[in-house]
Amino acid sequence: MIDCLFCKIVAGKIPAKVVYEDEDILAFNDINPLRAVHVLVIPKKHITSLATASAEDVLVLGKILAKANEIAVGQGSPDGFRVIINTGRVGQQEVLHLHAHIVGGAEPVGPMLKRI
Ligand code: 5GP
Ligand code: ZN
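Read on for a plain summary of the structure. Keep in mind that this is a model prediction, so the values were computed, not measured.

Remarks on the site of ligand 1
Taken together, 16 residues lie near ligand 1, and Asp30, Glu94, Val95, His99 and His101 sit nearest. The separation between a nitrogen atom of ligand 1 and a polar main-chain atom of Asn29 is 2.9 Å. Glu94 places a polar main-chain atom, nitrogen or oxygen, 2.7 Å from an oxygen atom of ligand 1. Of all the secondary structure elements, the ones that give two or more residues to the shell around ligand 1 are helix 1 (5–10) and strand 2 (25–29). Here the residues of the shell around ligand 1 sort into seven nonpolar, seven polar and two charged.

In structure tokens, the structure reads:
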């Protein structure tokens, strides 16, 4: 999609530190890492968010999750990790191309959410 930041990364128009790639998905380091390991895993096809994903996206969504452990271990998070998929306004999604954050490292990542 024109003017989508992550589509531009898929197209190689914006550089990224790619850590995994296959025909369907791309994984690259977050530009502003929140933990020692912080990788974004995206479908190469533009899908705006989990709110707009459809039945035809099931395989690529499954692949993102199925590859998460391999990516996390490879990046230095051997004892687990957290996957976060911010979705829409309430989920405070900033980049409107579906992405899974994989966060981890040597230490526990912290509480899931602050209670409000
Ligand atoms: P969201 O809030 O949409 O779930 O997360 C967007 C993420 O994209 C943020 O963690 C942010 O640091 C990351 N990000 C934004 N722009 C870029 C970029 O140009 N390159 C990379 N690698 N990450 C980006
Ligand atoms: Zn896109």
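Now that the structure is up, let's keep going.
Considerations on the coordination of the zinc ion (ligand 2)
Distances from the zinc ion (ligand 2) to its protein donors, Cys4 (SG), Cys7 (SG), His46 (ND1) and His97 (ND1), fall within 2.0 to 2.3 Å. For the zinc ion (ligand 2), the four donor atoms are set out with angles of 105 to 116° between them, so the coordination reads as tetrahedral. Coordination of the zinc ion (ligand 2) draws on donor residues from a single chain, spaced C-x2-C-x38-H-x50-H in sequence. Here Cys4, found in the segment before helix 1, pairs with His97, found in the loop between strand 4 (81–84) and strand 5 (100–104); they are 93 residues apart in sequence, far enough to count as distant. Look at Cys4 and you get buried, because its relative accessible area is 6%. By relative accessible area, which is 0% here, His97 ends up buried.

Here is what the cut-offs are and how they apply
Residues numbered from 1 in each chain as written. Chains lettered and ligands numbered in written order. Predicted model: local features only at pLDDT ≥ 70, side-chain atom pairs only at ≥ 80, totals over all residues. Heavy atoms only, no water. Near = heavy atom within 4 Å. Polar contact = N/O pair within 3.5 Å; in protein donor to acceptor, adjacent residues only side chain to side chain. Helix = DSSP H or I, 4+ residues; strand = E, 2+ residues; numbered from the N terminus. Nonpolar A, V, L, I, M, F, W, Y, C, P; charged D, E, K, R; others polar. Donors = N, O, S within 2.8 Å, 3.2 Å for Na, K, Ca; no water. Tetrahedral: all angles 85-135°; square planar, octahedral: opposite > 155°, others 65-115°. Buried < 20%, exposed > 50% of the residue type's maximum accessible area, 1.4 Å probe, protein only.

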